Amino acid sequence: MSRLIIIISCLLTSFISNAKPKPLPIETFSKASEFGSVKISPTGKYLAVMTQPNGKNSLMILDTDTFKVLHAINFPKNAQVGNYYWVNEERIVLAKEYLKGWKDHPEYHGELFGVNADGSQGEYLVGYQGERQTGTRIKKATPVLGTSYVLDPLVENKRKMLVLTIPWTAAKEPHTIVYEVDVYRGTRKKNHTFTFKNG
């Protein structure tokens, strides 16, 4: 906890100019409330912190030795970062949410993105849009017509995670599908299907 306080303090001081000293406004001391959902990477090399610089969630990734901000993740327009998970030492998978002015809570359409701690290899992994690329032999993730959630990040497996998907179908018997998903490319294979019967 004390290490977290030090990190947050370093973040706050980064907003202060290196020019001649001047009294700090009282708002400076309340900025810690803007940081939340702190998650450390599996071996402690990185720290991810949720912030709200413009009234919507962004994610900052820091080096725990230097407190240097390595990468900041944010979405344009009314989209923001939702839940996120470390899926291995170098990579995060995060959900994309949408803010609607007339709703108390953001909307989630089941989209999952992956990115490395340094900001490299950003990829749309799971969602209704998928990756539609032509003229290449690289196999890309196809659209998933359903709402998907990270079921298990499988941290010990550097390339795979388990994703639970609730299909957008009008089937009489609701069911869910568990996929094994590549955290770098988004390719997937069905792991299990669960059907919930009435009565």
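This one's a predicted model, so the numbers in the text were calculated from it and none came from an experiment.

> Let's hear about the nonpolar core: which residues, and what values?
Counting 18 residues, the largest nonpolar core has Leu59, Ile92 and Leu94 as its most contacted members. Secondary-structure elements contributing two or more residues to this core are strand 2 (46-51), strand 3 (58-63), strand 5 (79-86), strand 6 (91-98) and strand 7 (107-116). It is strand 5 that provides the largest number of residues to this core, a total of 4 residues. Here Ile92 is in contact with Ala48, Leu59, Ile61, Tyr84, Tyr85, Trp86, Phe113, Gly114 and Val115, once residues within four sequence places are set aside. In terms of nonpolar packing, the next biggest core, distinct from the first, is built from 15 residues, Val93, Leu112, Ile177 and Tyr184 among them.

> Describe the environment of Asn83, with residues and values.
Its location among the elements puts Asn83 in strand 5. Relative accessible area serves as the criterion here: at 52%, Asn83 is assigned to the exposed category.

> I'd like a description of the pattern of salt bridges, backed by residues and values.
Following the criterion strictly, the structure yields 3 salt bridges and no others. For Glu90, the salt bridge identified is with Lys45, shortest N-O distance 3.4 Å. You can see Glu90 sitting in the loop between strand 5 and strand 6 and its partner Lys45 sitting in the loop between strand 1 (36-40) and strand 2, a full 45 residues away along the chain. Given the relative accessible area of 40%, Lys45 is considered partly exposed. Between Asp182 and Arg159 there is a salt bridge; the shortest N-O distance is 3.1 Å. Of this pair, Asp182 sits in strand 11 (residues 175-182) while Arg159 sits in the loop between strand 9 (146-152) and strand 10 (160-167); the two residues are 23 residues apart in sequence, bridging distant segments of the chain.

Conventions used here
- Residues take numbers from 1 onward in each chain, read along the sequence in its written order.
- Given that the model is predicted, a residue must reach a pLDDT of at least 70 before its local features are reported, and side-chain atom pairs must reach 80 or more before they are shown or counted; all residues, however, enter totals for whole chains, interfaces and linings.
- Each side-chain value is worked out from all heavy atoms of the structure, with water and hydrogens disregarded.
- Definition of nonpolar core: a set of buried residues of the types Ala, Val, Leu, Ile, Met, Phe, Trp, Tyr and Cys, connected through side-chain atoms within 4.5 Å.
- The classification of residues rests on relative accessible area computed with a 1.4 Å probe and restricted to protein chains. Under 20% of the type maximum is buried, over 50% is exposed, and intermediate values are partly exposed.
- Here a helix means four or more residues in a row that DSSP labels H or I, a strand means two or more in a row labelled E, and each is numbered from the N terminus.
- The contact criterion used throughout is that any non-hydrogen atoms of two residues lie within 4.5 Å.
- Each reported salt bridge corresponds to a side-chain nitrogen of Lys or Arg within 4 Å of a carboxyl oxygen of Asp or Glu.

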